[in-house]
Amino acid sequence: MTSTASDISTATADLITARHLINGEWLGGADTERMNPARPGELAALSPSGTAADVDAAITAATAAQPAWAALPAPARGAILMTAGNLLLDRQTAIAEDLVREEGKTLAEAKGEVKRASDVLRFFGSLGWAATGEVLPSGLPDTTITTRREPLGIVGLITPWNFPIAIPAWKAAPALISGNAVVIKPAELTPLSATHLARALQDAGLPAGVFNVVHGKGRVVGDALARDSRIAGLSFTGSTNVGLGLQEILNARRARVQLEMGGKNGVLVLDDADPRKAAQVVAAGAFGLTGQACTATSRVYVTPGIRAAFLEALTAEAAQYTAGDGLEGAKMGAVVSSQQFEQNQAAVRTAVERGATLLHGAYDGGTDAGFLFPAAVLTDLPFDDAAVTEEIFGPVVAVLEVPDYEAGLAAINDSRYGLTAGICTDSLAFSTDFAARAQAGVIKVNRPTAGLDLNVPFGGVKDSSTNTFREQGKSALDFFTWGKTVYTGV
Ligand code: NAD
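All of these numbers come straight from a predicted model, not from anything done at the bench. (Residues numbered from 1 in each chain as written. Predicted model: local features only at pLDDT ≥ 70, side-chain atom pairs only at ≥ 80, totals over all residues. Heavy atoms only, no water.)

What is the right way to read the packing of aromatic side chains from this model?
Enumeration according to the criterion identifies 11 aromatic pairs in this entry. Taken together, a centroid distance of 5.3 Å and an interplanar angle of 80° make the contact between Phe469 and Phe479 edge-to-face. Remark: Phe479 occurs in helix 16 (residues 476-479) and Phe469 occurs in the loop between strand 20 (461-462) and helix 16; sequence separation between them is 10 residues. Just as Phe469 is buried, Phe479 falls in that class too. By way of ring pairs, the aromatic residues Phe163, Trp170 and Phe458 are connected into one cluster. The side chain of Arg199 reaches across the aromatic face of Trp26, ending 4.6 Å from its centre. Directly above the ring of Tyr321 sits Lys331, whose terminal nitrogen or CZ lies 4.7 Å from the centroid. (Phe/Tyr/Trp six-rings, centres within 6.5 Å; stacked < 30°, edge-to-face > 60°. Helix = DSSP H or I, 4+ residues; strand = E, 2+ residues; numbered from the N terminus. Buried < 20%, exposed > 50% of the residue type's maximum accessible area, 1.4 Å probe, protein only. Lys NZ or Arg CZ within 6 Å of the ring centre and 35° of its normal.)

Structure representation (structure tokens):
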């Protein structure tokens, strides 16, 4: 049965309605419907379609609120972030359930994501107590040199749907602890998750106007955010095409821009690896989160001696990742949208038409039971097939044979992307060489390409990133601050 906004009760509509948060007020209509990708016809969320006027109001509120926020002692700012982190944890299950309904991942993955957002807020909150500058010697007599970090001012954040609460948190927390005010535009497909983050910050006592949310279309709300001269820096995560367009806008007005974009992450499996363990590593990277992670494994290069055993083990692993409703214990969640579902099907179909063997999966299923796409393992395909070169963003992995380590490394590096890269081997020599020569921002040895710690730098190279400022860990503070050097004489 199809439910729409008009035939659900007001109380239910209130629960699933995301609003703009502008100057501490929840505003905007409930005019955009988001359906549950695992349950055809079930309404998951409602949200307003923001306009350039909403963005203007949010930036005006942020501009008014930022000086007092920056003047608050950093430990007091940190305390608010830590309280918000604790609130997310108190609300973990309810938020995770909303996240599953609007995004499609499994409940376990969603709970893990909410926990991550909570940890991120508490990590950056604790940095309110940390040193932010240095004391340096001067060549001048009776002079001390210190360095300071100043907030940029008002920053814009544009985020994707695939980690709808963790990514807003890992951008907002370093921005806020540094004394910036924020305007965020969450992904249209997942308005509720960012709303939960905003609510936790507000309930934790964040002053009105310091964190503002404007929902709506990228080319309306996101574009207005990027073009407003009051936005001193824009941090974006999403597809490479959109990111590069935003970079032009920000560069033209010489504002700071941080882009984390697409990936085509490869793993090299060498003869000396354990085929079963390597298959588990690859399957977790390829099929976990329904393959909808920028760090997902999507191409694998194997040397001849392990090929057969690895493919057999990977096919068995793929069979474990049955797709289903994330709220009903599925091992793999739903694909986010019909468009993404069709994209996955087209990628597999085209590869098969070009001679690939499909060892596991299918590309002709319907969507009557939701956007449930079976884990796909392709092999025997040309190195230039789009399934090998282009980001699919689904649970599809291509396995290709290479003669030796050097050829495998060259294949890993033969990509426009450079987000994560992995190797499965027992050889210290090969893993050390790979860490040095693989062209990616994150290297994983015997670990899935997807999955990151929150306290270490994250970002890519090539078309995966602006490759200037890293996200996460203390490095995340660099984007949201500028440096000042102070000479003090007596
Ligand atoms: P997307 O680029 O379509 O959208 C990302 C955000 O940009 C959304 O909020 C969207 O509304 C907004 N947007 C779209 N067009 C815009 C425009 N013209 N101007 C301003 N804003 C605009 O990406 P998506 O489909 O939401 O997410 C999937 C992509 O994100 C994949 O390519 C994935 O690899 C990437 N991603 C990267 C990382 C990373 O850290 N590198 C992490 C997660 C996702």
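Whenever I open this one, the site of the ligand confuses me. Can you help?
The local shell around the ligand holds 28 residues, among which Thr159, Glu188, Ser239, Met261 and Glu391 are the closest. The contact in question runs from an oxygen atom of the ligand to an N or O atom on the side chain of Lys185, over 2.9 Å. Measuring from an oxygen atom of the ligand, one finds a side-chain N or O atom of Glu188 at 2.6 Å. Among the elements of the structure, helix 8 (218-227), strand 10 (233-237) and helix 9 (240-252) are those that each provide at least two residues to the shell around the ligand. Here the shell around the ligand takes four residues from helix 8, the largest share from any one element. Looking at the shell around the ligand residue by residue, the class counts come to 14 nonpolar, eight polar and six charged. (Near = heavy atom within 4 Å. Polar contact = N/O pair within 3.5 Å; in protein donor to acceptor, adjacent residues only side chain to side chain. Nonpolar A, V, L, I, M, F, W, Y, C, P; charged D, E, K, R; others polar.)

Please clarify how the sheet that holds strand 14 (residues 357-360) should be interpreted in this entry.
Within a beta sheet, neighbouring strands are joined by backbone hydrogen bonds and run either parallel or antiparallel to one another. One open sheet accounts for seven strands, arranged 14-15-16-13-12-18-19; its pairing is mixed. Of all strands in the sheet, those with a lone pairing partner are strand 14 and strand 19 (442-445), marking the two edges. When the angles between neighbouring strand axes are averaged without regard to direction, this sheet yields 20°. As judged from the three bridges shared by strand 14 and strand 15 (residues 376-379), these two strands associate in the antiparallel manner. Opposite Leu358, over in strand 15, you have Leu378 as the bridge partner. Against the sheet, helix 11 (residues 304-320) touches strand 12 (265-269), strand 13 (297-302), strand 14, strand 15 and strand 16 (396-401), its axis set at about 165° to strand 16. Packed on one face of the sheet, helix 12 (residues 338-353) meets strand 14, strand 15 and strand 16 and runs near 25° to strand 15. (Pairing = 2+ DSSP bridges. Axes fitted to C-alpha atoms, helices over the stretch in contact; angles between N-to-C directions. Contact = heavy atoms within 4.5 Å.)

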